[in-house]
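# Descriptive analysis of the structure
Read off the chains here:
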Amino acid sequence: MLENNISTVNNDVKTLVKDAQALFTAATALTGEKAEELRGRGMRALDSALARAQEAQVKAVESGKQAAATTDAYVKENPWRSIAVAAGVGLLVGVIVGRK
């Protein structure tokens, strides 16, 4: 779910930045009030992209903290099981690396 949200925000930000670039490109060819209007729209698009990126960052940090807290609680409740899983993963990685 988090990856889907990050992908959506990433695509939205890319689209907003491309739109802003197009507006700035169009504004360079114009002068006067029309150019100022296009520059303003471009700046608003970039501000929107920045806000969405910051929201995604906050959500990612919150999800990371929640995952870390859940993992910490599980390890504290099941220390031997956690050690066995870590040893199994280490053995598996060792076998895979040893084959190469």
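In this text, all values refer to a predicted model and were calculated from it rather than measured experimentally.

## Overview of the overall build of the protein chain
- A count of helices and strands for the protein chain gives three helices and zero strands.
- Overall, the protein chain shows an N-to-C arrangement of helices and strands of α-α-α.
- In terms of overall size, the protein chain is more extended than a compact globule, its C-alpha atoms giving a radius of gyration of 24 Å where 100 residues would be expected to give roughly 13 Å.
- Seen along its three principal axes, the alpha-carbon backbone of the protein chain occupies a region of about 70 × 35 × 15 Å.
- Among the 100 residues that make up the protein chain, the fraction classed as buried is 12%.
- Taking the intrachain contacts of the protein chain between residues at least 6 apart in sequence as the baseline, contacts between residues at least 24 apart amount to 50%.
- As presented, the protein chain carries roughly 7,900 Å² of accessible surface, and 61% of it is formed by carbon and sulfur atoms.
- In the protein chain, 13 positive and 11 negative side-chain charges are present, and the distance between their average locations comes to 8 Å.

## Topic: the pattern of salt bridges
- Scanning all chains against the criterion turns up one salt bridge.
- The salt bridge partner of K76 is D72, with a shortest N-O separation of 3.3 Å. With K76 and D72 both in helix α2 (residues 33-77) and four residues apart, this pair spans about one turn of that helix.
- Look at K76 and you get exposed, because its relative accessible area is 62%.
- Assessed through its relative accessible area of 40%, D72 is described here as partly exposed.

## Things to note about the UniProt feature "domain: DUF883" (unreviewed entry) in the protein chain
- When the UniProt feature table is mapped to this numbering, "domain: DUF883" (unreviewed entry) covers residues 11-57 and 71-100.
- Across residues 71-100 one finds 93% helix and 0% strand; the C-alpha atoms that close the span lie 31 Å apart.

## Considering a nonpolar patch on the surface
- Taken together, the side chains of V85, V89, V93 and V97 make up a nonpolar region of the molecular surface, amounting to roughly 350 Å² of accessible area.
- Within the secondary structure, V97 sits in helix α3 (residues 79-99).

## Observations concerning the packing of α2 against α3
- Close contact between α2 and α3 brings their axes to 5 Å; oriented N to C, the two are set at 110°. Considering the angle they form, α2 stands roughly perpendicular to α3. Counted together, Y74, V75, K76 and E77 of α2 and P79, R81 and S82 of α3 form the full contact between these two elements.

Conventions we followed
Residues numbered from 1 in each chain as written. Predicted model: local features only at pLDDT ≥ 70, side-chain atom pairs only at ≥ 80, totals over all residues. Heavy atoms only, no water. Helix = DSSP H or I, 4+ residues; strand = E, 2+ residues; numbered from the N terminus. Rg over C-alpha atoms; globule rule 2.2 N^0.38 Å. Buried < 20%, exposed > 50% of the residue type's maximum accessible area, 1.4 Å probe, protein only. Contact = heavy atoms within 4.5 Å. Areas by Shrake-Rupley, 256 points an atom, 1.4 Å probe, with all protein chains shown as cover. Lys, Arg positive; Asp, Glu negative; His and termini not counted. Charge placed at Lys NZ, Arg CZ, Asp CG, Glu CD. Salt bridge = Lys/Arg side-chain N within 4 Å of Asp/Glu carboxyl O. UniProt positions renumbered as here; feature names shortened; annotations may be inferred. Patch = residues over 30% accessible without salt bridge, like charges linked within 9 Å, V, L, I, M, F, W, Y side chains within 5 Å. Axes fitted to C-alpha atoms, helices over the stretch in contact; angles between N-to-C directions. Parallel < 35°, antiparallel > 145°, perpendicular 65-115°, else oblique.

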